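Descriptive analysis of the structure
Here is what each chain is made of, one letter per residue.
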Amino acid sequence: MSNVSVIFFLLVLVSFTFKQGNTAYVCQDGWASFGEDCYKFLNEMEFIHAVTICLDLGANVLEVQSSLEEKWIDLQCRIRDCLSGVWLGVSDLSQKGMFLSVSQARPPQYLNWGWGEPFNKNDGENCVALSKRKRAWDTTSCLNKYNIVCKKPMSFL
């Protein structure tokens, strides 16, 4: 390799590294950021519609990973005037009594069940919502309507 080729190669490598170093993780317009994720807050709908809408947006229904994230969601819901709470991407639809994340079909990493939960009243409470009133997880009918929070990782600028 000639000296000119080596210098050209190094300049390209440095230029590429510089551009990569300036690359930012961002959320699309209309999405809020927290940590390394983006969140889209939407109106009340039934659970199945929440799942479908989030998937159409390239996201999943909110699956809370920590107490800090849950407190941020609670704050956002109060600011945005969520009526009852928000759907969580957790249900026991695939196996009765076994609440699993919808996106990964495994037990959630973080739990915050309200007092007496999970409770499957009359075998009709298969979905989970973060209750605005209780500030905790509540089993509920999947036909009820709660606000939707879609969540996805930030993307490169």
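Residues numbered from 1 in each chain as written. Predicted model: local features only at pLDDT ≥ 70, side-chain atom pairs only at ≥ 80, totals over all residues. Heavy atoms only, no water.

**Remarks on the packing of aromatic side chains**
In total, this model carries eight aromatic pairs according to the counting rule given. Between Phe 99 and Trp 113 the ring centres are 5.2 Å apart and the planes differ by 65°, which places this aromatic pair in the edge-to-face class. Highlighted residues: Phe 99 in the loop between strand E5 (85-91) and strand E6 (100-101) and Trp 113 in the loop between E6 and strand E7 (127-131), separated in sequence by 14 residues. Taking the relative accessible area as the measure of exposure, Phe 99 reaches 11% and is therefore buried. Counting every residue linked through ring pairs, the aromatic cluster contains Phe 34, Tyr 39, Phe 41 and Trp 72. (Phe/Tyr/Trp six-rings, centres within 6.5 Å; stacked < 30°, edge-to-face > 60°. Helix = DSSP H or I, 4+ residues; strand = E, 2+ residues; numbered from the N terminus. Buried < 20%, exposed > 50% of the residue type's maximum accessible area, 1.4 Å probe, protein only.)

**Re helix H3 (residues 67-80)**
Taking 1.5 Å per residue, 14 residues should reach 20 Å; H3 reaches 20 Å between its end C-alpha atoms and fits that length. Along H3, the positions that sit buried rather than exposed are Glu 69, Glu 70, Trp 72, Ile 73, Asp 74, Gln 76 and Cys 77. Structurally, H3 contributes buried residues whose contacts are with strand E2 (32-34), strand E3 (37-45), E5, E7, strand E8 (136-140) and strand E9 (146-153). Just beyond H3, the residue with positive phi is Asp 81, at close to 60°. (Expected span 1.5 Å × (residues − 1). Contact = heavy atoms within 4.5 Å.)

**Description of the confidence of the model for the protein chain**
When pLDDT is averaged along the protein chain, the result is 86; 84% of the residues meet or exceed 70. Residue range residues 4-20 is modelled with pLDDT below 50. Its contacts to residues more than four positions away, or to other chains, number one contact. (pLDDT = per-residue confidence, 0-100.)

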